Amino acid sequence: GQQVKQSSPSLTVQEGGILILNCDYENDMFDYFAWYKKYPDNSPTLLISVRSNVDKREDGRFTVFLNKSGKHFSLHITASQPEDTAVYLCAAGLNQGGSAKLIFGEGTKLTVSS
Amino acid sequence: EAAVTQSPRSKVAVTGGKVTLSCHQTNNHDYMYWYRQDTGHGLRLIHYSYVADSTEKGDIPDGYKASRPSQENFSLILELASLSQTAVYFCASSDPGGATGQLYFGEGSKLTVL
């Protein structure tokens with residue numbers, strides 16, 4: 001089964017709006033959670049990550065919320081911009097010794113319309 | 001700047017043929033990974049390596065071999081390519097001493113098996 005699952009294959013939001021991307025995971029041993037951003041024909045790049053010892057991390061317009069008991073984490077994007085249009089991949093795993101052996105979700109294609 | 005380069009960037013292979021995808025990193029990272037991307041599946045881990053001359057099976061290793069002859073180089077080998085192996089393949093590296101657990105991805109190799 002899918003160990004890491006994103007609930008929405010696609011989302012559209014108006015420029016300037018707030019959006020939430022969701023991700024559920026199955027393995028309660030996972031201790032590392034990340035969101036990667038991918039433009040078409042480009043490689044994924046890390047957007048933001050959080051470890052299991054915190055339940056929130058903010059970086060500018062991007063905030064990750066972690067709900068360990070619910071095995072769920074989300075990415076909140078505020079003041080969305082056209083350049084946010086991309087595929088967002090959530091990922092979770094055991095970050096032991098720096099080895100990021102991650103399980104990725106299927107991706108959510110985000111479109112920010114102007 | 002982290003650098004992971006893949007070759008070839010694009011390849012057409014025949015069913016039953018042998019395909020080798022190569023990856024080279026100049027990050028001085030110990031950990032390297034091969035993922036494949038398919039529509040609706042996100043990124044799935046095929047093989048990974050913690051150290052030169054050693055490889056580990058990921059989540060979908062069947063039909064693939066991996067080789068890590070040096071810290072810098074990691075190859076993915078399809079001995080008998082099949083139609084189902086048509087996909088985009090991404091190589092990545094990570095730093096065991098890094099705080100973020102970040103994966104640095106290559107540009108991707110698009111493989112079409114006919």
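Residues numbered from 1 in each chain as written. Chains lettered and ligands numbered in written order. Predicted model: local features only at pLDDT ≥ 70, side-chain atom pairs only at ≥ 80, totals over all residues. Heavy atoms only, no water.

(A) Geometry of unusual backbone geometry. The peptide bond linking Ser7(B) to Pro8(B) adopts the cis configuration, its omega dihedral lying at -10 degrees. Mapped onto the elements, Pro8(B) comes out in the loop between strand S1 (4-7) and strand S2 (10-13). Look at Asp41(A): it is not a glycine, yet its phi comes out positive at around 65 degrees. For Asp41(A), the location among the structural elements is in the loop between strand S4 (32-38) and strand S5 (45-51). Look at Asp41(A) and you get exposed, because its relative accessible area is 72%. (Helix = DSSP H or I, 4+ residues; strand = E, 2+ residues; numbered from the N terminus. Buried < 20%, exposed > 50% of the residue type's maximum accessible area, 1.4 Å probe, protein only.)

(B) Summary view of the interface of chain B and chain A. Facing 25 residues of chain B, the contacting portion of chain A comprises 21 residues. Both sides of the chain B and chain A interface together cover about 1,700 Å² of buried area, and 52% of this is carbon and sulfur. There are zero salt bridges connecting chain B and chain A. Joining chain B to chain A, the criterion identifies three residue pairs in polar contact (both at pLDDT 80 or more). Of all elements in the fold, only strand S4 (31-38), strand S5 (42-51) and strand S9 (87-94) of chain B reach the threshold of two or more residues within the side of chain B that touches chain A. No other element matches S5(B), which puts five residues into the side of chain B that touches chain A. The class makeup of the residues in the side of chain B that touches chain A is twelve nonpolar, ten polar and three charged. (Contact = heavy atoms within 4.5 Å. Buried area = accessible area lost by both parts, 1.4 Å probe. Salt bridge = Lys/Arg side-chain N within 4 Å of Asp/Glu carboxyl O. Polar contact = N/O pair within 3.5 Å; in protein donor to acceptor, adjacent residues only side chain to side chain. Nonpolar A, V, L, I, M, F, W, Y, C, P; charged D, E, K, R; others polar.)

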